[in-house]
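Spelled out, the chains give:
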Amino acid sequence: MNPRYPRRGVYVLPNLFTTASLFAGFYSIIASINGHYRVAAIVIFIAMILDGLDGRVARMTHTESAFGAEYDSLADVIAFGMAPAILVFLWGLQDFGNFGWLGAFVYTACGALRLARFNTQVHSASKRYFQGLPIPTAAAVLASLVWVAVGEGYPWLTQMSEYLALGLVYALGLLMVSNVRFRSFKDFDLHGRVPFALAIFVVLVVALVAVHPPLVLFIAVISYVVMGLLLTLWQIRSRRIQRRRGGLGH
């Protein structure tokens, strides 16, 4: 083969996981259209698992590529942008008229902008923190909320959840394009030893998820969002204190 004209192609294994994530997002949309909201919500979480695997498989097999990164972002727009937006709109935002469909669009558009910004900053961004809420986390908030409301079967809970969802689509959209920092946990070493207490904590979390998956997942992702907000506020406060001390020093 002529080295001046390298063979063109794509890596199959990691892109299979990306395609599976894309399929899960597409299937979630179909399930939402058919009124199967619980199934649509669960499939979004399956898409999250597959989305997490494609990058890890690529790194383990040394098959990372620019094509794979772009394909992954396009799949994420469908699986974590369009799918949860259509799910939450058909489930509970239709009654809010223009505010309902506009909120679903704002969420989707901000998710696409978040992914575009991430791709342009991937080589310069911090490994410990995400700038803006990751779109899979935003999708998990909406999917788990719908899953809780549909699974319990209480009309009052569904009505309350619909109002909560209306506020969340706007709030999550703005958080995705904000400068709020969220821990990425990419610096967490899975190959090294961990404290015994941490291992017990992981077991307890798994047990809690098994007791009531949608509620525990909703609490977990909301807690992650709140922790990011508190972390950013604490960092802003710390910088202001340092500036004041610096001013007093002069």
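In this text the structure is predicted, and so the values were computed from the model without any measurement. (Residues numbered from 1 in each chain as written. Predicted model: local features only at pLDDT ≥ 70, side-chain atom pairs only at ≥ 80, totals over all residues. Heavy atoms only, no water.)

Asks: For the side chain of S161, give the residues involved together with the corresponding values.
Replies: Secondary-structure assignment places S161 in helix α6 (residues 155–176). Looking at S161, the relative accessible area reads 4%, which means it is buried. Of note is the side chain of S161, whose polar atom sits 2.7 Å from the backbone oxygen of L157. The residues contacting S161, other than those within four sequence positions of it, are W91, L145 and A149. (Helix = DSSP H or I, 4+ residues; strand = E, 2+ residues; numbered from the N terminus. Buried < 20%, exposed > 50% of the residue type's maximum accessible area, 1.4 Å probe, protein only. Polar contact = N/O pair within 3.5 Å; in protein donor to acceptor, adjacent residues only side chain to side chain. Contact = heavy atoms within 4.5 Å.)

Asks: So what's going on with the packing of helix α3 (residues 66–93) against helix α4 (residues 98–121)? Residues and values would help.
Replies: Geometrically, a packed helix pair is captured by the angle between its two axes and the distance between the axes. Interhelical geometry of α3 versus α4 gives an angle of 165 degrees and a closest axis separation of 9 Å. One finds that α3 runs roughly antiparallel with respect to α4. Here the hand of the crossing between α3 and α4 comes out right-handed. For the pair α3 and α4, the contacting residues are E70, S73, D76, V77, F80, G81, M82, P84, A85, F89 and L93 in the first and G100, W101, A104, Y107, T108, A112, L115 and N119 in the second. Counted by class, the contact of α3 with α4 contains 12 nonpolar, five polar and two charged residues. (Axes fitted to C-alpha atoms, helices over the stretch in contact; angles between N-to-C directions. Parallel < 35°, antiparallel > 145°, perpendicular 65-115°, else oblique. Left-handed = near helix turned anticlockwise from the far one by under 90°. Nonpolar A, V, L, I, M, F, W, Y, C, P; charged D, E, K, R; others polar.)

Asks: I'd like to hear about the packing of helix α1 (residues 12–33) against helix α2 (residues 37–60), residue by residue, with values.
Replies: At a minimum axis separation of 8 Å, α1 and α2 run at an interaxial angle of 170 degrees. One way to sum up the angle between α1 and α2 is to call them roughly antiparallel. Where α1 abuts α2, its residues L13, P14, F17, T18, A20, S21, A24, G25, Y27, S28, A31 and S32 lie against Y37, V39, A40, V43, I44, A47, L50, D51, L53, D54, V57 and A58. Among the residues making up the contact of α1 with α2, the classes are represented as 17 nonpolar, five polar and two charged.

Asks: How would you summarise the side chain of T18 if you had to cite specific residues and measurements?
Replies: Position of T18 among the secondary structure elements: in helix α1. According to the relative accessible area criterion, T18 is buried, its value standing at 2%. At 2.8 Å, the side chain of T18 forms a polar contact with the side chain of D54. Each residue touching T18, except ones within four places of it in the same chain, is listed here: D54, Y71, D72 and A75.

Asks: Any chance you could break down the UniProt feature "transmembrane region" (unreviewed entry) in the chain for me, citing the residues and the numbers?
Replies: In the UniProt entry, the feature "transmembrane region" (unreviewed entry) is given for residues 12–30, 36–53, 74–93, 99–117, 129–151, 163–182, 194–211 and 217–236. Strand forms 0% of residues 74–93 and helix 100%; the C-alpha atoms that close the span are 25 Å apart. (UniProt positions renumbered as here; feature names shortened; annotations may be inferred.)

Asks: Now, about the packing of aromatic side chains: what can you tell me, with residues and values included?
Replies: This model, assessed by the stated rule, comprises five aromatic pairs. Over the aromatic face of Y129 sits the side chain of R181, whose NZ or CZ is 4.1 Å from the ring centroid. Here the guanidinium or amino end of R183 rests over the ring plane of Y129, the centre of that ring lying 5.8 Å away. (Phe/Tyr/Trp six-rings, centres within 6.5 Å; stacked < 30°, edge-to-face > 60°. Lys NZ or Arg CZ within 6 Å of the ring centre and 35° of its normal.)

Asks: Describe the confidence of the model for the chain, listing the residues and the values that go with them.
Replies: Averaged over every residue, the pLDDT of the chain is 86; the share at 70 or more is 87%. The spread of mean pLDDT over the elements of the chain runs between helix α7 (residues 196–211), the lowest at 77, and α4, the highest at 94. (pLDDT = per-residue confidence, 0-100.)

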